[in-house]
Amino acid sequence: MASISHRSVDHLVLPVVDLATARLRLSALGFAVAPEARHPFGTENACVYFTDSTYLEPLAIADLKLYRQSAQNGNPFVKRDAAYRFRRGEDGMSAIVLTSEDSEADEAVFREKAIAAGSLRFSRPYLDADGLEGTASFSLAFAADLRAPDLFFFTCQRTAPLTVPGALLSHPNGVTGMAEIILGEVRPMDFEPFVHTVSFSHDVTLHPHGVCFSTGTATISVFEHGQAETMLNSATDTRERGLVARGVVFDVADLAACDNLLDANGVNHHAGDGLITVPPAPGQGVTFAFREA
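Residues numbered from 1 in each chain as written. Predicted model: local features only at pLDDT ≥ 70, side-chain atom pairs only at ≥ 80, totals over all residues. Heavy atoms only, no water.

Caption draft 1: The layout of surface pockets, seen in detail. The space that makes up the largest pocket amounts to roughly 280 Å³. Taken together, 16 residues line the largest pocket, and the ones lying closest to its centre are Val244, Ala245, Arg246, Gly285 and Val286. Elements with a minimum of two residues in the lining of the largest pocket: α3 (76–88) and β14 (244–252). When residues in the lining of the largest pocket are grouped by element, the largest group, three residues, is from β14. For the lining of the largest pocket, the class distribution of residues is six nonpolar, six polar and four charged. (1 Å grid on protein atoms, 1.4 Å probe; cavity = no way out; pocket = protein on both sides within 12 Å on 5 of 7 lines; lining within 4 Å. Points joined across faces, edges and corners; volume = space filled by probe spheres on them. Helix = DSSP H or I, 4+ residues; strand = E, 2+ residues; numbered from the N terminus. Nonpolar A, V, L, I, M, F, W, Y, C, P; charged D, E, K, R; others polar.)

Spelled out as structure tokens, the structure:
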């Protein structure tokens, strides 16, 4: 079994009511959105890829019959997605995905720590830079904490990686990658062992209001709800226990240009203190924030 050298944030799973709604919203925010792609278990996505090798995965249900059958057959990805939609609705962020060099080794670690939540291997077609169909294959190892029913993690080993066309890596809003994923919890340190295990972070920073886990790409931060609201310029009455996704911070090349684009597209946002924040909307289930890299 190969040793685990590191894990980085790979992508985020964003449940949406349908991909048309997600495409409209993400395009208005200035993202280039990839063509739709179907999974063999009833879901579909239209991803947003970044030059730092991270991406967003807006996820919709493409075939309800196959989706339900996959859940009944124990598919952990579909079961978790269905549970999220039942509890939280059709818009949000349900999963943080980490890179993997060996998903079987990851699963062994998760079993040892009593957080294993299944595994999955699958392939799906995609269109390459020349418009030709290719096949991407993935091996996943899931981890979950029963105290946090609305957010799960899994590692993703790209056994047959897809090739992303350069045009999909260039975004009108100037985003180059994800800087930080912000989670909320009443007592962040209660989840430090769990997030530490799944992220395999070698750089953990304690904060007066939470804890941050640096990875090779984005930082995963767990803050008290009030601190998360302050950071994201958002206000909710949420004081629930369990990890709750609150927002994503993106790096942009030019913050002023990003501000102008959002103005031109009629997107409600707030700019101040070196950060632009955009509240959730259909097709965008959590707060998006932009900072100048």
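Caption draft 2: Region of the structure containing the nonpolar core. Membership of the largest hydrophobic core comes to 53 residues, with the highest contact counts inside it found for Leu183, Phe288 and Phe290. The residues contacting Phe288, other than those within four sequence positions of it, are Leu14, Leu26, Leu29, Phe31, Leu56, Val248, Phe250, Ile276, Thr277 and Val278. (Core = buried A, V, L, I, M, F, W, Y, C linked by side-chain atoms within 4.5 Å. Buried < 20%, exposed > 50% of the residue type's maximum accessible area, 1.4 Å probe, protein only. Contact = heavy atoms within 4.5 Å.)

Caption draft 3: Structural view of unusual backbone geometry. Here Ala114, not a glycine, exhibits a phi torsion of approximately 60°, which is positive. Mapped onto the elements, Ala114 comes out in the loop between α4 (103–112) and β7 (116–127). Its relative accessible area of 69% is what places Ala114 among the exposed residues. Unusually for a residue other than glycine, Asn233 sits at a positive phi of about 55°. With respect to the helices, strands and loops of the structure, Asn233 is situated in the loop between α6 (225–232) and β14.

Caption draft 4: Just the pattern of salt bridges, in detail. Across all of its chains, the model carries 16 salt bridges by this definition. Notably, a salt bridge pairs Asp150 with Arg87, separated by 2.6 Å at the nearest N-O pair. Of this pair, Asp150 sits in the loop between β8 (133–143) and β9 (152–160) while Arg87 sits in helix α3; the two residues are 63 residues apart in sequence, bridging distant segments of the chain. When its relative accessible area of 7% is taken as the criterion, Asp150 is described as buried. Since its relative accessible area comes to 48%, Arg87 is described here as partly exposed. (Salt bridge = Lys/Arg side-chain N within 4 Å of Asp/Glu carboxyl O.)

Caption draft 5: Up close: the pairing of strand β13 (residues 219–223). Taken across its five residues, β13 has five buried, putting it largely inside the fold. Burial along β13 is two-sided: Thr219, Ser221 and Phe223 and Ile220 and Val222, pointing in opposite directions, are all buried. Note: strand β10 (residues 175–184) against β13, five bridges, orientation parallel. Residue pairing in the sheet places Ile181 in a bridge with Ile220 of β13. Linking strand β12 (residues 210–214) back to β13 in an antiparallel pair, the connection comprises four residues. (Pairing = 2+ DSSP bridges.)

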